[in-house]
Amino acid sequence: MNKVEEFEELRPLLFSIAYRILGSVSEAEDAVQETWLRFDGSTTLPTSVKAFLSATVTRISIDVLRSARVRREEYVGPWFPEPLLSDPYQDPARSAELADSVSMAALLLLERLSPLERSVFVLREVFGFGFDDVASAVGRSEAACRQLLVRARRHMEAGRPRFEADRQERQELATRFFDALREGDVAGLRDLLAADVQMVGDGGGKAPQLARAVLGAENVARLLASVFPLLARIDVTFEPHEVNGQPGAIFRDRDGKVLHALALDVLDGQIQTIRSVINPDKLGHLGPVADAWAIDGELKQTRRQMR
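A. Quick look at the overall build of the chain. The number of helices and strands found in the chain is twelve helices and six strands. A compact globule built from 307 residues would reach a C-alpha radius of gyration of about 19 Å, and the chain, at 21 Å, matches this within 12%. For the chain, the C-alpha atoms occupy an extent of roughly 70 × 35 × 35 Å along the three principal directions. Residues counted as buried form 51% of the 307 residues belonging to the chain. A separation of at least 24 residues holds for 67% of the contacts in the chain among residues at least 6 apart in sequence. Positive and negative side-chain charges of the chain, numbering 39 and 46 respectively, have mean locations separated by a distance of 5 Å.

Below you can see the structure in the form of structure tokens.
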């Protein structure tokens, strides 16, 4: 294979590494593109192209993450990863690790780690790289990487998210949830929610939100049942879709533009957390983005007309 073919074969892996380190689709794509430029510009062919490219995209991602940390500290409201509808990299031997590590809950947990801890954890625990390749990628000794991994595991185990193991049961519950949402069925929604369910939105100060955080099955059910039938009146629709490997949906305005992405955490036959990403800066990779402020204005006008 020539350089282009070798790179394109590994592109899904490179993106998946970068996304888990960065939590951003756009930044991950930029990191992969920069990796290609460095590979294309190199005059010597590495012994292992996979190891070289993985190390390169990891180092680039670490640098980007360090600068992104400053921006995230100044972020308005809760920060969530950019929603990912499908992971381009598949490996049957590591399917469980790949699926768990891309969830919103896991990516938020990874935010607690230092950039080096996060990178070592992603390369070793998620993708199964040997410590020699991990050490080369992060520029530390193998012994230092083992210590970084111990610390990363400790942080991750303390808050490791748990999900419904049965994929079919999880999807069936999600189907019932979205049916109840369409109908504005308070009781139906309440039955599917954990008693301490939390609903949180990420608007980044750039879009209206239902609320920053709503707690409890009764409160969440009533809020959802009051808002989404009104959205239907102004032709907002939604399509169930996996979001970061978990049940979710993409909401669109009457012109088909993306309004927000919603992801559900399901465990023990109940929905534990509902996360909504409505910040337009995080939705552009899903397609043209709706004007959330205009929709919010329509929503308020519709509500006034119904009084």
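B. Seen up close, the environment of Pro-115. By the element assignment, Pro-115 lies in helix α6 (residues 115-126). When its relative accessible area of 12% is taken as the criterion, Pro-115 is described as buried. Separated by 16 residues in sequence, Pro-115 and Ala-99 place their C-alpha atoms 21 Å apart. Apart from the residues lying within four places of it in its own chain, the contact partners of Pro-115 are Ile-62, Leu-65, Arg-66 and Arg-69.

C. Local environment of the packing of aromatic side chains. Taken as a whole, this structure holds nine aromatic pairs when the rule is applied. Seen from their ring centres, Phe-39 and Phe-52 are 6.0 Å apart, and the 45 degrees between their planes marks the pair as tilted. Of the two residues, Phe-39 sits in helix α2 (residues 25-41) while Phe-52 sits in helix α3 (residues 49-73), which places them 13 residues apart along the sequence. Exposure remark for Phe-39: the relative accessible area of 0% places this residue in the buried category. Through a chain of ring-to-ring contacts, the aromatic side chains of Phe-177, Phe-178, Phe-228, Phe-238 and Phe-251 assemble into a single cluster. Positioned over the ring face of Phe-129 is Lys-50, at 5.5 Å from the centre of the ring. The ring of Phe-80 has Arg-275 lying over it, and the distance from NZ or CZ to the ring centre is 6.0 Å.

D. Quick look at the sheet that holds strand β1 (residues 193-202). Spatially, six strands are ordered β2-β1-β6-β5-β4-β3 in an open sheet, and the strand pairing comes out mixed. With one partner strand each, in any of the chains shown, β2 (213-215) and β3 (237-240) form the two edges of the open sheet. On average, each strand axis in the sheet is tilted by 15 degrees relative to the strand beside it, whichever way the strands run. Where strand β4 (residues 248-252) and strand β5 (residues 258-267) come together, five bridges link them in antiparallel fashion.

E. Layout of the packing of α2 against α3. Remark: α2 packs on α3, axes separated minimally by 9 Å, with the N-to-C direction vectors making an angle of 135 degrees. Classified by the angle between their axes, α2 and α3 sit oblique to one another. Where α2 crosses over α3, the two elements pack in a sense that is right-handed. Judged by residue contacts, Glu-27, Ala-31, Val-32, Glu-34, Thr-35, Arg-38 and Phe-39 of α2 engage Val-49, Phe-52, Leu-53, Thr-56, Val-57, Ile-60, Ser-61, Val-64, Ala-68, Arg-71 and Arg-72 from α3. Residue composition of the contact of α2 with α3, grouped by class: ten nonpolar, three polar and five charged.

F. Spotlight on the pattern of salt bridges. All told, the structure shown has 22 salt bridges when counted by the stated rule. Arg-252 is paired through a salt bridge with Glu-239; the nearest N and O atoms lie 3.3 Å apart. One end of the pair, Arg-252, is in strand β4; the other, Glu-239, is in strand β3, and 13 residues separate them in sequence. A single salt-bridge network, built from bridges that share partners, covers Glu-27, Arg-71, Arg-72, Glu-111 and Arg-118.

G. Fine view of unusual backbone geometry. For Asp-235, which is not glycine, the phi dihedral falls at a positive 70 degrees. Unusually for a residue other than glycine, Asp-268 sits at a positive phi of about 55 degrees. Relative to the elements of secondary structure, Asp-268 occurs in the loop between β5 and β6 (270-277). Residue Asp-268 is classed as exposed on the basis of its relative accessible area, which comes to 58%.

H. Region of interest: helix α1 (residues 3-22). At Arg-11, α1 is bent by approximately 50 degrees, the largest bend along its length, and proline Pro-12 sits one to four residues beyond. For α1, the side-chain oxygen to backbone nitrogen distance between the N-cap and Val-4 is 3.1 Å, and the N-cap itself is Asn-2. Taken from the residues just after α1, Gly-23 is the one with a positive phi, measuring 70 degrees.

Rules and cut-offs
- Residues numbered from 1 in each chain as written.
- Predicted model: local features only at pLDDT ≥ 70, side-chain atom pairs only at ≥ 80, totals over all residues.
- Heavy atoms only, no water.
- Helix = DSSP H or I, 4+ residues; strand = E, 2+ residues; numbered from the N terminus.
- Rg over C-alpha atoms; globule rule 2.2 N^0.38 Å.
- Buried < 20%, exposed > 50% of the residue type's maximum accessible area, 1.4 Å probe, protein only.
- Contact = heavy atoms within 4.5 Å.
- Lys, Arg positive; Asp, Glu negative; His and termini not counted.
- Charge placed at Lys NZ, Arg CZ, Asp CG, Glu CD.
- Phe/Tyr/Trp six-rings, centres within 6.5 Å; stacked < 30°, edge-to-face > 60°.
- Lys NZ or Arg CZ within 6 Å of the ring centre and 35° of its normal.
- Pairing = 2+ DSSP bridges.
- Axes fitted to C-alpha atoms, helices over the stretch in contact; angles between N-to-C directions.
- Parallel < 35°, antiparallel > 145°, perpendicular 65-115°, else oblique.
- Left-handed = near helix turned anticlockwise from the far one by under 90°.
- Nonpolar A, V, L, I, M, F, W, Y, C, P; charged D, E, K, R; others polar.
- Salt bridge = Lys/Arg side-chain N within 4 Å of Asp/Glu carboxyl O.
- Bend = angle between axes of the 7 residues up to and from the residue.
- Polar contact = N/O pair within 3.5 Å; in protein donor to acceptor, adjacent residues only side chain to side chain.

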